[in-house]
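Tertiary structure, described
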Amino acid sequence: MSGAERRGRAALPSVDRVLQSAHALIGAHGRALVTEAVRESLAARRNAGTAAAIDAVLADAETALARLARPSQRRVFNLTGTVLHTNLGRAPLPEEAIAAAAEAMREPTTLEYDTAGGRRGERDDHIAGWLTRLTGGAAALAVNNNAGALVLALNALAAGQETIVSRGELIEIGGAFRLPDIMERAGTTLREIGTTNRTHLRDFAAAIGPQTGLMLKVHTSNYAIEGFTAAVPTPQLAALAHENGVPLVEDLGSGTLVDLEGWGLPHEPTVAEALNAGADLVTFSGDKLLGGPQAGLVVGRADLIATLARNPLKRALRLDKIRLAALEAVLRLYADPARLAARLPALRLLTRAAGDIRATAQRLQPAVAAALAGIARVDIVETRSQIGSGALPVSLLPSAALALLPLRRGGRAAEALAQLLRDLPVPVLGRIEGGRVLLDLRCLEDEAGLLAQLSAPR
Ligand SMILES: *Cc1c(COP(=O)(O)O)cnc(C)c1O
């Protein structure tokens, strides 16, 4: 035993002695966690050979327990300029959906129960009526997410057969979602046709045969192929598919229910348009442009929806009562398009006028500049926000940002400043551009909350 070890051992209290003085901590965190934290503190101090009184060990334990008590998934300020940010949870939900989800969490519900007949009901009935009304489709169902919807459709309609897709649409969405891999897992054989930039109807016609299970059209949501390009419009694809008795499935990705042009946004194909153009099934996400909870929605021909509903994967991918309640509440808002932008946060943020965002910047700039005095210069700049989640990848929305220029120059000064903002109690997430941290204010609705923590002592 070294001298340091002997001194350390002699000068540290026992676990029991520390616990005898830990009533307050045990009251707050429970005996098991406090005991573990005390043991860890004593072990660390013993290894370092440092002596400690009971109070110091308790202080260590308190710090460790406070860290543990903080939720891992925390609120953040999304000032990245990407409205539907996948890593930040995509669409913020409307109050109506939050209330519905909270009630569903607290109490038993009619999830799969028909009170009129006193018998079992279908969980998809809560949303199918709204989806068919809003899209003109004959039937609808919901699963965990759009990736799941695609797996389900491919497996239910084309397992053991071929699925024809244009090479221009073999997408990777991110997070290990690559269409060829998804197809393999769904048990269907990918039949790629055409080239990256050009695919013609004759390419589809040549590939179709008795081995064909379905034709798939994928909305190239997170990139754009420009220049010398050709893709086959849905009506022609649908006609070919139907002549050959093969279903056409269109994965719209974001898949909006309303024409966004009405709010001055670029056009994104709507679910109704895809169905009218002849797609037999359309799949899309619940938490992208739709502005709801994570979900994968499938709308279209009733016989095909029934086939999907009977597939065992549907059971594995089904939605829980909480998200179904939230989704139902969001879909109900679509029944009144005139008030949609005011009530649906995703649309409210996407349609926020640049002038309004600039006014927010002007209100905030003096306070943020004061809070960052000596650290950064704060200017107001024009910028462009993105919709995010792969929607309309090349369209950018005019916005305004606070640009924070670090006063301490150096290679990684902007990164250090960004870290400082991420370390705030509610992390503030911006983006780094040209040596500055840009805080795009499009998605800032809680100005008071941001200011309160910026002015809090650091
Ligand atoms: C986003 C997207 C998906 C995946 O949807 P999730 O709801 O995230 O699972 C699939 N296809 C396309 C075209 C997409 O844009």
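As the structure is a computational prediction, the values presented were derived from the model and not from experiment.

The rules behind each value
- Residues numbered from 1 in each chain as written.
- Predicted model: local features only at pLDDT ≥ 70, side-chain atom pairs only at ≥ 80, totals over all residues.
- Heavy atoms only, no water.
- Axes fitted to C-alpha atoms, helices over the stretch in contact; angles between N-to-C directions.
- Helix = DSSP H or I, 4+ residues; strand = E, 2+ residues; numbered from the N terminus.
- Parallel < 35°, antiparallel > 145°, perpendicular 65-115°, else oblique.
- Contact = heavy atoms within 4.5 Å.
- Nonpolar A, V, L, I, M, F, W, Y, C, P; charged D, E, K, R; others polar.
- Buried < 20%, exposed > 50% of the residue type's maximum accessible area, 1.4 Å probe, protein only.
- Pairing = 2+ DSSP bridges.
- Domains from an automatic or database assignment.

As for the packing of helix H18 (residues 354-371) against helix H20 (residues 447-455)
Where H18 meets H20, the closest approach of the two axes is 10 Å, and the angle between their N-to-C directions is 10 degrees. Between H18 and H20, the angle falls in the class roughly parallel. Two secondary-structure elements touch here, H18 through Thr360, Arg363, Leu364, Ala367, Val368 and Ala371 and H20 through Glu447, Leu450, Leu451 and Leu454. Classifying every residue of the contact of H18 with H20 gives seven nonpolar, one polar and two charged.

Description of the pairing of strand E7 (residues 212-218)
Counting buried positions along E7 gives seven out of seven residues, so the element sits mostly inside the fold. Where strand E5 (residues 162-166) and E7 come together, three bridges link them in parallel fashion. By the bridge assignment, Thr163 is partnered in E7 with Leu214. With four bridges joining them, E7 and strand E8 (residues 248-253) adopt parallel strand pairing. When the bridges of E8 are listed, Lys217 appears paired with Glu250.

A few points about the domain arrangement of the protein chain
Each assigned domain of the protein chain is listed here: domain 1 (3-69), domain 2 (77-87 + 349-454) and domain 3 (95-343). One C-alpha centre belongs to domain 2, the other to domain 3; they are set 34 Å apart.

Brief notes about the packing of helix H8 (residues 146-158) against helix H13 (residues 302-310)
The interhelical angle for the contact between H8 and H13, taken along N-to-C directions, is 100 degrees, at an axis separation of 9 Å. For the element pair H8 / H13, the angle class is roughly perpendicular. Here H8 contributes Leu152, Ala153, Ala156 and Leu157 to the contact with H13, which in turn contributes Leu304, Thr307 and Leu308. Looking at the contact of H8 with H13 residue by residue, the classes come out as six nonpolar, one polar and no charged.

Some thoughts on unusual backbone geometry
Notably, Arg90 is not glycine yet its phi reads approximately 55 degrees, a positive angle. Summarising the element assignment, Arg90 is placed in the loop between strand E1 (77-78) and helix H6 (95-106).

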